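Here is what each chain is made of, one letter per residue.
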Amino acid sequence: MGRITARRRVTRVRRDAEPTQRADTLAVEEPLEIRVGGHTLAVTMRTPGHDFELVAGYLVSEGVLTTGADYSTARYCAGTDGQGANTYNVIDATLAPHVPPPGSEMVRANPVTSACGICGKDSIAAVHTASVHDPAADTMSVAAGTVLDLPDRLRAEQSVFDKTGGLHAAALFDADGRMLAVREDVGRHNAVDKVIGWAVLADRLPLSGTVLQVSGRASFELVQKAAMAGIPMLCAVSAPSSLAADAADDLGITLVGFSRGESMVIYSRPDRISLPEAAITEEVSVPR
């Protein structure tokens, strides 16, 4: 796995058993400095791999890019370790000539952690980024059974998670359930950016008629990233936040949570999911 995983000697303790030692596999987490035209835009913590896609997807999420034609090239810069070897932790992206460079308001003041895709923004207003795409107008329709199959389809592709237990994943599917791209990363927002970056490099934006399936919870930032890429449906294995559900309503995105093979909860725009024709009954909620 190269720089994606690392080995470490660990001590395992079990109740009512002698401690044991063994080699364990960990997911690598390293900083990546993102530059545009030679100027630093952000530093994010990520798992190395598909770095150019991560940068391209990040630029879509920030509103710098809207189509593949906006992106020109990217290259690794000379970021070195104590022995003078290139760490491959600095990337400089070049935009197409017609794309204005990012303004100073887009520069992240603090590093973006693997747990937070909007950390480092210096105002509440900066958290909300307007998309040129309109997922609300997307007329896609997906069978309920197809949506329920997606978590298992994603899990089957998580090869690094199998070795480490420590990576998030995101996958993009079409309306028939065909997998278009899947990426893993220590940060769930990075995994989504890598998938979106794949679409940038393939010149497939906007991602109309697609479903974004993620391995964890659905946060506000993931809903916003979906909107910036024109993705009309976001499905998560775990729960959404209230802000994520509100944002999905406002943006016209179908938001699904607790999607776990046999059941799911639809929080917004259920019209895109083809449900059985039987009447929907009101479920009696039991206080916890």
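Residues numbered from 1 in each chain as written. Predicted model: local features only at pLDDT ≥ 70, side-chain atom pairs only at ≥ 80, totals over all residues. Heavy atoms only, no water.

Caption draft 1: Highlighting the overall build of the protein chain. Secondary structure summary: the protein chain contains 6 helices and 14 strands in total. By the compact-globule yardstick of 19 Å for 288 residues, the protein chain fits well, its C-alpha radius of gyration being 20 Å. In terms of principal-axis extent, the alpha carbons of the protein chain reach across some 65 × 65 × 35 Å. Within the protein chain, buried positions represent 47% of all 288 residues. Carbon together with sulfur atoms contributes 51% to the accessible area of the protein chain, which is approximately 14,100 Å² in total. Treating the 27 positive side-chain charges of the protein chain as one cloud and the 35 negative ones as another, the clouds have centres 8 Å apart. (Helix = DSSP H or I, 4+ residues; strand = E, 2+ residues; numbered from the N terminus. Rg over C-alpha atoms; globule rule 2.2 N^0.38 Å. Buried < 20%, exposed > 50% of the residue type's maximum accessible area, 1.4 Å probe, protein only. Areas by Shrake-Rupley, 256 points an atom, 1.4 Å probe, with all protein chains shown as cover. Lys, Arg positive; Asp, Glu negative; His and termini not counted. Charge placed at Lys NZ, Arg CZ, Asp CG, Glu CD.)

Caption draft 2: View of the nonpolar core. Ranked by size, the top nonpolar core spans 51 residues in total, and within it Leu59 and Leu234 carry the most contacts. The contact partners of Leu59, leaving out residues within four places of it in the chain, are Val36, Leu41, Val64, Leu65, Ala93 and Leu95. Counting residues in each nonpolar core, the second largest holds 17 residues, with Ala144, Leu148, Leu150 and Phe173 among its members. (Core = buried A, V, L, I, M, F, W, Y, C linked by side-chain atoms within 4.5 Å. Contact = heavy atoms within 4.5 Å.)

Caption draft 3: Quick look at the pattern of salt bridges. A complete count under the given rule lists 10 salt bridges for this structure. A salt bridge links Glu33 to Arg35; its shortest N-O distance comes to 2.8 Å. With a shortest N-O distance of 2.8 Å, Asp51 and Arg46 are connected by a salt bridge. Owing to a relative accessible area of 0%, Arg46 belongs among the buried residues under this scheme. When salt bridges that share partners are traced, they join Arg3, Glu30, Arg46 and Asp51 into one network. (Salt bridge = Lys/Arg side-chain N within 4 Å of Asp/Glu carboxyl O.)

Caption draft 4: Representation of the packing of aromatic side chains in the model. Evaluation of the coordinates by the stated rule reveals 2 aromatic pairs. A centroid spacing of 5.0 Å and a plane angle of 35° characterise the contact between Phe52 and Tyr76, whose relative ring orientation is tilted. One end of the pair, Phe52, is in helix H1 (residues 51–61); the other, Tyr76, is in strand S5 (residues 71–76), with 24 residues separating them in the sequence. According to the relative accessible area criterion, Phe52 is partly exposed, its value standing at 29%. Taking the centre distance of 5.1 Å and the plane angle of 90° together, the rings of Tyr76 and Tyr88 count as edge-to-face. Residue Tyr76 is located in strand S5, and its partner Tyr88 is located in the loop between S5 and strand S6 (90–95); the two are separated by 12 residues in the primary sequence. Owing to a relative accessible area of 39%, Tyr88 belongs among the partly exposed residues under this scheme. Ring-pair connections join several aromatic residues into one group, and the members of that group are Phe52, Tyr76 and Tyr88. (Phe/Tyr/Trp six-rings, centres within 6.5 Å; stacked < 30°, edge-to-face > 60°.)

Caption draft 5: Unusual backbone geometry, seen in detail. Looking along the chain, the bond that leaves Leu205 and enters Pro206 is cis, with omega of -5°. Summarising the element assignment, Pro206 is placed in the loop between helix H4 (188–201) and strand S10 (210–214). Positive phi outside glycine occurs at Asp16, with the angle close to 60°. Structurally, Asp16 is set in the loop between strand S1 (5–12) and strand S2 (20–27). The class of Asp16 is exposed, set by a relative accessible area of 79%.

Caption draft 6: Quick look at the pairing of S10. Of all 5 residues that make up S10, 5 are buried, and the element is covered over most of its length. Bridging between strand S8 (residues 168–174) and S10 involves 5 bridges; their strand directions are antiparallel. Note that in S10 the partner of Asp174 across the bridge is Thr210. As defined by bridge partners, S10 adjoins strand S11 (residues 233–236) across 4 bridges and the pair is classed as parallel. For Leu212, the partnering residue across the bridge sits in S11 and is Leu234. (Pairing = 2+ DSSP bridges.)

Caption draft 7: How the structure looks around H1. Counting buried positions along H1 yields 10 of 11 residues, so the element is predominantly enclosed. Turning to H1, its buried residues are Asp51, Glu53, Leu54, Val55, Ala56, Gly57, Tyr58, Leu59, Val60 and Ser61. After H1 finishes, the residue Gly63 shows a positive phi value of roughly 85°.

Caption draft 8: Structural context of the packing of H1 against H4. Running from N to C, H1 and H4 cross one another at 95°; their axes reach a closest spacing of 6 Å. Comparing the axis directions of H1 and H4 gives the class roughly perpendicular. Along its contact with H1, which presents Glu53, Leu54, Ala56, Gly57, Tyr58, Val60 and Ser61, the element H4 presents Asn190, Asp193, Lys194, Ile196, Gly197, Trp198, Val200 and Leu201. (Axes fitted to C-alpha atoms, helices over the stretch in contact; angles between N-to-C directions. Parallel < 35°, antiparallel > 145°, perpendicular 65-115°, else oblique.)

Caption draft 9: Just the side chain of Arg46, in detail. Take Arg46: it is sitting in strand S4 (residues 39–46). A polar side-chain atom of Arg46 sits 3.0 Å from the main-chain carbonyl oxygen of Pro31. At 3.2 Å, the side chain of Arg46 and the backbone oxygen of Tyr88 are in polar contact. (Polar contact = N/O pair within 3.5 Å; in protein donor to acceptor, adjacent residues only side chain to side chain.)

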